[in-house]
Amino acid sequence: LQTEEETDGGEWPYERLCEFLMVDLFDPQWETRHGAAMGLREIIRVHGGGAGRVRGRSRTENDTLNRRWLDDLACRLCCVFMLDRFGDYVSDTVVAPIRETVGQTLGALLIHLPPTTVYAVHRILLRMVIQDDLQLTKPGWAICHGGMIGLRYLVAVRNDLLLKDSDLIDGVIKAVM
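Every chain is numbered on its own, with residues counted from 1 as its sequence reads. In keeping with the predicted nature of the model, local features appear solely for residues at pLDDT of at least 70, side-chain atom pairs appear and are counted solely at 80 or more, and the whole-chain, interface and lining totals rest on all residues. To obtain the side-chain values, all non-hydrogen atoms of the structure were used and water was disregarded.

As for the pattern of salt bridges
We define a salt bridge as a contact between a side-chain nitrogen of Lys or Arg and a carboxyl oxygen of Asp or Glu at a distance within 4 Å. Following the criterion strictly, the structure yields twelve salt bridges and no others. Glu 11 is the salt-bridge partner of Arg 16, the closest N and O atoms lying 3.4 Å from each other. By relative accessible area, Arg 16 is classed as partly exposed at 30%. The salt bridge partner of Arg 152 is Glu 100, with a shortest N-O separation of 2.4 Å. With a gap of 52 residues between them, Arg 152 in helix 7 (residues 141–157) and Glu 100 in helix 5 (residues 97–110) connect regions that are remote in the sequence. Burial status follows relative accessibility: with a 1.4 Å probe on protein chains alone, a residue under 20% of its type maximum counts as buried, one over 50% as exposed, and anything between as partly exposed. Helix and strand labels come from DSSP, where a helix needs a run of H or I of at least four residues and a strand needs a run of E of at least two; each type is numbered from the N terminus.

Some points on the packing of helix 4 (residues 59–83) against helix 6 (residues 115–130)
The axes used here are C-alpha line fits, helices contributing only the stretch in contact, and every angle between their N-to-C directions lies in the interval 0 to 180 degrees. Contact geometry of helix 4 with helix 6 gives a least axis separation of 11 Å together with a crossing angle of 10 degrees. Judged by the inter-axis angle, helix 4 sits roughly parallel to helix 6. Contacts between helix 4 and helix 6 involve Arg 67, Asp 71, Ala 74, Cys 78, Phe 81 and Met 82 from the former and Thr 116, Thr 117, Val 121, Ile 124, Leu 125 and Met 128 from the latter. Split by residue class, the contact of helix 4 with helix 6 holds eight nonpolar, two polar and two charged. These descriptions rest on fixed angle ranges, namely under 35 degrees for roughly parallel, over 145 for roughly antiparallel, 65 to 115 for roughly perpendicular, and the rest for oblique. Here, two residues are considered to be in contact whenever any of their heavy atoms come within 4.5 Å of each other. When residues are sorted by character, Ala, Val, Leu, Ile, Met, Phe, Trp, Tyr, Cys and Pro go into the nonpolar class, Asp, Glu, Lys and Arg into the charged class, and all the rest, Gly among them, into the polar class.

What about helix 7?
Given 3.6 residues to a turn, an α-helix orients residues that are three or four positions apart in the same direction. Multiplying 1.5 Å by the residue count of a helix minus one yields the expected span of that helix. With 17 residues, helix 7 extends 25 Å between its outermost C-alpha atoms, agreeing within 8% with the 24 Å of an ideal straight helix rising 1.5 Å per residue. By the burial criterion, the buried members of helix 7 are Ala 142, Ile 143, Gly 146, Gly 147, Ile 149, Gly 150, Leu 151, Tyr 153 and Leu 154. At its buried positions, helix 7 is contacted by helix 4, helix 5, helix 6, helix 8 (159–164) and helix 9 (166–176).

Have a look at this one:
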């Protein structure tokens, strides 16, 4: 069944594809998670400004829909950082392809987010790295690694905010130290 927006072409053209990809971010198969993150990265990189918008709605309504959609994806990406444990061993080194690709997707997403949401994502990533308030019996290395990857992409794409807000740069320095 199609919704009214789908029938008249009113919804964002990538809506259904992105819904499937966002579910696939949590698939048990690492290849599926990796592919989903790669697909979302490319869609968001080019079309993130249109995400969630519906034809016929006011600019204000569409801006709200876009922000909610992007906020939801940011939350899901942070969840993947926390949950993913896949490491691929190559010789004596390990790579984390899902966390790395999710970091790239987050970087593409952060470009479209307003400063308040970027600050919220920063706080989540910092908590993942520091882990001092999570009451864990043992710090989670993979969680910390995911947070560091996320911070790396935040610094790369939103250095405009780093230069304006000392709390942001202080948090990054604290995580690195």
